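So you can see what is in the structure, the chains are spelled out below.
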Amino acid sequence: MNTTSGAPMSLGSIMIDIAGTQLEPRDIDRLMDPLVAGVILFTRNFESIAQLKALTQAIHALRHPRLLIGVDHEGGRVQRFRAGFTHIPPMRLLGQLHEANASLSYLNAEKIGWLLATELLSVGVDFSFTPVVDLDYGGSKVIGDRAFAMNPHTVSQLAFHLMLGMRKAGMACVAKHFPGHGYIEADTHTEMAIDDRPFAEIEQKDMQPFLSLIENGVDAIMPAHVIYSKVDNRPAGFSEHWLQGVLRKTCYFEGAIISDDMSMKAASEFGSASQRVLSALQAGCDLVLVCNDPEAVDEVLSKVKWHANALSHARLIRLHAHKKTDYEKLQYEPLWQAAVSVVKSLNQKHDQQELT
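Since the structure is predicted, the reported quantities are computational estimates derived from the model, not experimental observations.

(A) The state of the cysteines, seen in detail. Under the counting rule described, the total for this entry stands at 0 disulfides. Just so you know, cysteine 291 is unpaired, no disulfide at all, and the nearest cysteine sulfur is the one on cysteine 285, 13 Å from it.

(B) Structural detail: the pattern of salt bridges. Counted under the stated rule, the structure contains 20 salt bridges. Across the salt bridge formed by aspartate 298 and arginine 26, the nearest N and O atoms sit 2.8 Å from each other. Placement of the pair is aspartate 298 in helix 11 (residues 294-303) and arginine 26 in helix 1 (residues 25-31), with a sequence separation of 272 residues. With a shortest N-O distance of 3.2 Å, lysine 176 and aspartate 72 are connected by a salt bridge. Placement of the pair is lysine 176 in strand 7 (residues 174-178) and aspartate 72 in the loop between strand 3 (68-71) and strand 4 (73-75), with a sequence separation of 104 residues. A relative accessible area of 2% means that lysine 176 is categorised as buried. The class for aspartate 72 is buried, based on a relative accessible area of 14%.

(C) Fine view of the pairing of strand 3. The two faces of strand 3 match: Leu68 and Gly70 on one face and Ile69 and Val71 on the other face are all buried. By the bridge criterion, 4 bridges tie strand 2 (residues 36-41) to strand 3 in an arrangement that is parallel. Along strand 3, the bridge assignment pairs valine 39 with isoleucine 69. In this view, the connection linking strand 2 to its parallel neighbour strand 3 by way of helix 2 (residues 49-60) has right-handed handedness. Bridging between strand 3 and strand 6 (residues 127-128) involves 2 bridges; their strand directions are parallel. Note on strand 6: the bridge partner recorded for valine 71 is serine 128.

(D) Just helix 12 (residues 310-317), in detail. Among the residues of helix 12, those classed as buried are Ser312, His313, Arg315 and Leu316. Seen from one end, helix 12 has its buried residues packed into an arc of 155 degrees, which puts them on one side. Along its buried surface, helix 12 packs onto strand 2, strand 3, helix 8 (240-250), strand 11 (256-261) and strand 12 (287-290).

(E) Focus on the sheet that holds strand 1 (residues 14-16). Judged by pairing direction, the sheet is parallel, and its 8 strands sit side by side in the order 6-3-2-1-12-11-9-7 without closing on themselves. Each of the sheet's edge strands pairs with one partner strand only, and the pair in question is strand 6 and strand 7. Where strand 1 meets strand 2, 3 bridges bridge the pair, whose relative direction is parallel. Among the inter-strand pairings, isoleucine 16 is bridged to a residue of strand 2, identified as valine 39. Sitting on the sheet, helix 2 is in contact with strand 2 and strand 3, with an inclination near 170 degrees to strand 2.

(F) Spotlight on the packing of helix 10 (residues 273-283) against helix 11. Contact geometry for helix 10 and helix 11: axes closest at 8 Å, N-to-C directions at 60 degrees. One element, helix 10, and the other, helix 11, form an angle in the oblique class. The two elements helix 10 and helix 11 meet at a crossing, and its hand is right-handed. Contacts between helix 10 and helix 11 pair Ala273, Ser274 and Val277 from the former with Ala296, Glu299, Val300 and Lys303 from the latter. Grouping the amino acids of the contact of helix 10 with helix 11 by side-chain chemistry returns 4 nonpolar, 1 polar and 2 charged.

(G) Quick look at the pairing of strand 11. Along strand 11, 6 of the 6 residues are buried, which leaves the element largely enclosed by surrounding structure. Pairing geometry for strand 9 (residues 220-223) and strand 11, over 2 bridges, is parallel. If you follow isoleucine 221 over to strand 11, its bridge partner there is isoleucine 257. Across 2 bridges, strand 11 lies against strand 12 in parallel orientation. The partner of aspartate 261 across the bridge, within strand 12, is leucine 289.

(H) Structural view of the environment of leucine 158. You can see leucine 158 is positioned in helix 5 (residues 152-169). Of the residues examined, leucine 158 reaches a relative accessible area of 0% and is grouped as buried. Remark: the alpha-carbon pair of leucine 158 and methionine 91, spanning 67 residues in sequence, is separated by 9.0 Å.

(I) Spotlight on the packing of helix 4 (residues 102-121) against helix 5. Where helix 4 contacts helix 5, the axes come no closer than 7 Å and their chain directions differ by 40 degrees. The angle between helix 4 and helix 5 falls in the class oblique. Considering the relative orientation of helix 4 and helix 5, their crossing is right-handed. Residue-level contacts link Ser105, Tyr106, Ala109, Glu110, Ile112, Gly113, Trp114, Leu116, Ala117, Thr118 and Leu121 of helix 4 to Gln157, Leu158, His161, Leu162, Leu164, Gly165, Met166, Lys168 and Ala169 of helix 5. Among the residues forming the contact of helix 4 with helix 5, the class breakdown is 12 nonpolar, 6 polar and 2 charged.

(J) Broad picture of unusual backbone geometry. Across the junction of histidine 64 and proline 65, the peptide omega takes the value -5 degrees, indicating a cis bond. Along the chain, the position of proline 65 falls in the loop between helix 2 and strand 3. Following lysine 176, the chain continues into histidine 177 via a peptide bond in cis, with omega recorded as 5 degrees. Relative to the elements of secondary structure, histidine 177 occurs in strand 7. Unusually for a residue other than glycine, tyrosine 252 sits at a positive phi of about 60 degrees. Relative to the helices and strands, tyrosine 252 is located in the loop between helix 8 and strand 11.

Each value, and the rule that gives it
Residues numbered from 1 in each chain as written. Predicted model: local features only at pLDDT ≥ 70, side-chain atom pairs only at ≥ 80, totals over all residues. Heavy atoms only, no water. Disulfide = S-S within 2.5 Å. Salt bridge = Lys/Arg side-chain N within 4 Å of Asp/Glu carboxyl O. Helix = DSSP H or I, 4+ residues; strand = E, 2+ residues; numbered from the N terminus. Buried < 20%, exposed > 50% of the residue type's maximum accessible area, 1.4 Å probe, protein only. Pairing = 2+ DSSP bridges. Right-handed = clockwise from strand over helix to strand, strands pointing away. Arc of directions from axis to C-beta. Contact = heavy atoms within 4.5 Å. Axes fitted to C-alpha atoms, helices over the stretch in contact; angles between N-to-C directions. Parallel < 35°, antiparallel > 145°, perpendicular 65-115°, else oblique. Left-handed = near helix turned anticlockwise from the far one by under 90°. Nonpolar A, V, L, I, M, F, W, Y, C, P; charged D, E, K, R; others polar.

What follows is the structure, encoded as structure tokens:
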């Protein structure tokens, strides 16, 4: 294990979490393991802007190239950091706006993407696991208002403009959950999920937003922990057919493939933690998430032997933040002020909907 701070090391292939609001010796020991590529942050890791900046600086100072720092920061009910951050509305509101005024919805999506990314970049986060491009079929327990809309074209356009805003801010984005998680009701955090539709239907509907973003250079894609039973008997994130056959060869995707959390119920049925991680890597993932289970992390780091190739490493390096604005200066930035105004208007609309 390499324990020399700042020593040159290649990024590994595993993204893990940490326990608290600052790095402890055990965290540092894990993060210095060559298998580790980055850290995913959660609400428990945040108590203030100053604390979060100090934490990200400490993580980035450990290694070179610096470890990646990611977070689930989509808006709505999935936004890990609240105090001091703009409350991003659920993406369904943009879909509703699209029905009334498509061009305005695109402008607003771009502003929201820029705002979301800029605020995270200002505190040292490299990227967000967003956008959700699953279709809103109306019955999903876990997707719901995280989705833009039901119509694939609407989702494609809104996700593209959100990505465009993030890109202008200097942040990579992660489209999820390939090839589509919106059709089934099951929540893969707590139960197995099976989508029994034929491939042709999934391709014609759910995959269209992913194809659109791939054409426009999306940086990363996260596969679903869903079994598409008429295509393969393993969840997409463990499936060589889905990741290498469909996503790489058929869809021509050249960016990073990032697994969903290996500790989720829909993944835990497929062997031990180390077996699951190795299966995901062998299937074609460039980066595998192991979260909320320190014992699983230790098992993975002690048992998994994996040396990523240069291409996989390059895909991850591209996820690093490209530029950064000081948090203290944001409120004086006209783009920030305009974006916050858009968000406030959408949030007011959302509050009114909740009351009716």
